[in-house]
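Structural description and commentary
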Amino acid sequence: MQRRRFLSRSAAAGVAAGFGATLKAASDAQSPSGPSSDLPSKFTPAAHSIPHSNYSPFTTPDYYTFADDLIIERNASNKPHQGKILAAIQAHSDDIPLFAAGTVAKLIDEGYTGYLIRLSNDEAAGSTLGHGVVQNDADIQEAAKAMGLKKAYSFYYRNHRMDDNAAIEIRARLIFLFRMLQVNTVFAMDPYDHYDENPDHIVAGKAVEGACWMAGGAKDYPEHYKAGLKPAHIREKYYHARSPQGHNLVNRVVDISSYIDQKVRTNMANRGKGPAGTAGARLRQQLARQGRKLPLLGNDDETANFAYVKHFLMDDFRILGRQFGLECAEAFRYIGPEPDYLGNIVKYAEEHSVPL
Ligand SMILES: [Zn+2]
């Protein structure tokens, strides 16, 4: 994504117009007027637009489609996920931080051990291709730490060119990692994210989807088992959408209110890509050159970076949360464990069988 360009453009507009104009835009951002619609009353809307903060196009999708069995996932006490392993898979260094970091941090806090797996090399997000590779390589390590993840892996496929690689190779590498790490739960871009322009996201989503199924198979890549690996049974999937134009079917809204600061720090770790990084410090410096300051940015760069992300970039997650009575939320298409069909049949047979 061209996020750096967006930020530079915004910053340039601020300089050109003076910060009076920029701050007025910010104060207008949360207009109370909701979306208008010409949809005749005989139709029931299937996709819902909700208010946006207008501070960033890269946080929540333009539409939500909600399933009728949607549930709100709230904080769980007593580490219910102890012993479970999650993998957060992303095409790019900013995907998981922007769209799922609060929920990943929550599940780690609730007992999971977790890993970050990045598929591209993020070369398109730096001052040069080489700088993009190096900076984002460092950033993913810091982002993983901020979410409480144990380790970050990278496949280094060329950014925005991932469809140039054999899908079967990406899938096979994921199957290997899922088996090696004994993954139970994944986070990834929804493989059916509507209207997503970024070709890497679709490649990543489809690769994860296939790998989740095949990692448990006895006949797929049997040499893994000769080498000592065991099948991985992925029981839970959290699929997120890409903003602004992507959206997916949402059946789980996660309360991330207690983890919003971790999400902020995860995004601050992305210095090479995404709308966060050092944007707060740059805005503070830009204002200082005009003899001005924004009190919320504080008196040092670290405070400015944190406050910028929390105040501006997390606002859409607060607005989403409010729709559900929460302080902050992330939204997913969640696919949970399948029922024990065979066990149910055995149980039925035990209860209903009669002597010959
Ligand atoms: Zn991306």
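Described below are features of the structure shown in this document.

Quick look at the nonpolar core
- By size, the foremost hydrophobic cluster in this structure holds 41 residues, and its most contacted members are Leu86, Ile96, Val104, Leu116, Leu149, Phe187 and Leu297.
- Elements with a contribution of two residues or more to this core: strand S2 (85-90), helix H4 (101-109), helix H5 (129-147), helix H9 (260-268), helix H10 (279-289), helix H11 (301-313) and strand S8 (329-335).
- A total of seven residues in this core trace back to one element, the largest contributor, which is H11.
- Tyr157, Met162, Leu177 and Leu181 belong to the second-largest nonpolar core, a separate cluster that totals 31 residues.

Side note on the sheet that holds S2
- Strand order in the open sheet formed by eight strands is S1-S7-S8-S6-S5-S2-S3-S4, and the pairing between neighbours is mixed. Where the open sheet ends on each side, the last strands, each with one partner, are strand S1 (65-73) and strand S4 (151-157). Between one strand axis and the next, the sheet turns through 25 degrees on average, direction left out of account.
- One ladder, built from five bridges, connects strand S3 (residues 113-120) with S4; its direction is parallel. What sits directly across from Leu116, in S4, is Ala152.

Brief notes about a nonpolar patch on the surface
- Among the surface-exposed residues, Leu342, Ile345 and Val346 lie close enough to one another that they form a single nonpolar patch of about 320 Å² accessible area.
- Considering the arrangement of structural elements, one finds Val346 in helix H13 (residues 341-352).
- Residue classification places Val346 among the partly exposed positions, given a relative accessible area of 43%.

Re H13
- A rise of 1.5 Å per residue sets the reference length of H13, with its 12 residues, at 16 Å; its end C-alpha atoms lie 16 Å apart and thus fit the reference within 8%.
- Counting buried positions over the 12 residues of H13 gives zero, only a small fraction of the element.

Digging into the coordination of the zinc ion
- Protein-derived coordination of the zinc ion comes from His92 (ND1), Asp95 (OD) and His201 (NE2), at a distance range of 2.1 Å.
- Ordering the donors of the zinc ion by residue number gives the pattern H-x2-D-x105-H. In this pair, Asp95 sits in helix H3 (residues 95-99) while His201 sits in helix H7 (residues 199-214), placing the two residues 106 residues apart along the sequence.
- Given a relative accessible area of 2%, Asp95 falls into the buried group.
- When its relative accessible area of 1% is taken as the criterion, His201 is described as buried.

Some points on the environment of Leu70
- By secondary structure assignment, the location of Leu70 is in strand S1.
- It is 7.4 Å that separates the C-alpha atoms of Leu70 and Val253, two residues lying 183 residues apart in sequence.
- With sequence-adjacent residues up to four places away left out, Leu70 is seen in contact with Val250, Asn251, Arg252, Val253 and Phe324.

Details of the pattern of salt bridges
- For the structure on display, the rule yields 18 salt bridges.
- Across the pair Glu73 and Lys106 runs a salt bridge, and its minimum N-O distance is 2.9 Å. Of this pair, Glu73 sits in strand S1 while Lys106 sits in helix H4, and the two are 33 residues apart along the sequence.
- Among the ionic pairs, Glu142 bridges to Lys145, the shortest N-O distance being 3.2 Å. Highlighted residues: Glu142 and Lys145, both in helix H5, separated by three residues, approximately one helical turn.
- In this structure Glu142 comes out as partly exposed when scored by relative accessible area, which is 40%.
- The exposure class of Lys145 is exposed, given its relative accessible area of 57%.
- Among the charged side chains, a network of salt bridges with common partners joins Glu73, Lys106, Glu110 and Arg252.

Observations regarding the packing of aromatic side chains
- If you walk through the whole model with that rule in mind, you get 10 aromatic pairs.
- Considering the side-chain rings of Tyr64 and Phe66, the 5.7 Å spacing of their centres and the 5 degrees angle between planes classify their relative orientation as stacked.
- Judged by relative accessible area, which is 28%, Phe66 ranks as partly exposed.
- Relative to Tyr153, the ring of Tyr115 has its centre 6.3 Å away and its plane inclined at 45 degrees; by these criteria the two rings are tilted. Highlighted residues: Tyr115 in strand S3 and Tyr153 in strand S4, separated in sequence by 38 residues. Summarising the burial analysis for this pair, Tyr115 and Tyr153 share the class buried.
- Among the aromatic residues, those joined into a ring-pair cluster are Phe187, Tyr238, Phe332 and Tyr334.
- For the cation-ring pair, Arg173 lies above Phe155, with the distance from its terminal atom to the ring centre recorded as 4.1 Å.

Things to note about the side chain of Ser93
- For Ser93, the position within the fold is in the loop between S2 and H3.
- Setting aside anything within four residues of it in sequence, one finds Ser93 in contact with Arg118, Asp122, Asn136, Ile140, Asn270 and Lys273.

What counts, and at which threshold
- Residues numbered from 1 in each chain as written.
- Predicted model: local features only at pLDDT ≥ 70, side-chain atom pairs only at ≥ 80, totals over all residues.
- Heavy atoms only, no water.
- Core = buried A, V, L, I, M, F, W, Y, C linked by side-chain atoms within 4.5 Å.
- Buried < 20%, exposed > 50% of the residue type's maximum accessible area, 1.4 Å probe, protein only.
- Helix = DSSP H or I, 4+ residues; strand = E, 2+ residues; numbered from the N terminus.
- Pairing = 2+ DSSP bridges.
- Axes fitted to C-alpha atoms, helices over the stretch in contact; angles between N-to-C directions.
- Patch = residues over 30% accessible without salt bridge, like charges linked within 9 Å, V, L, I, M, F, W, Y side chains within 5 Å.
- Areas by Shrake-Rupley, 256 points an atom, 1.4 Å probe, with all protein chains shown as cover.
- Salt bridge = Lys/Arg side-chain N within 4 Å of Asp/Glu carboxyl O.
- Expected span 1.5 Å × (residues − 1).
- Donors = N, O, S within 2.8 Å, 3.2 Å for Na, K, Ca; no water.
- Contact = heavy atoms within 4.5 Å.
- Phe/Tyr/Trp six-rings, centres within 6.5 Å; stacked < 30°, edge-to-face > 60°.
- Lys NZ or Arg CZ within 6 Å of the ring centre and 35° of its normal.

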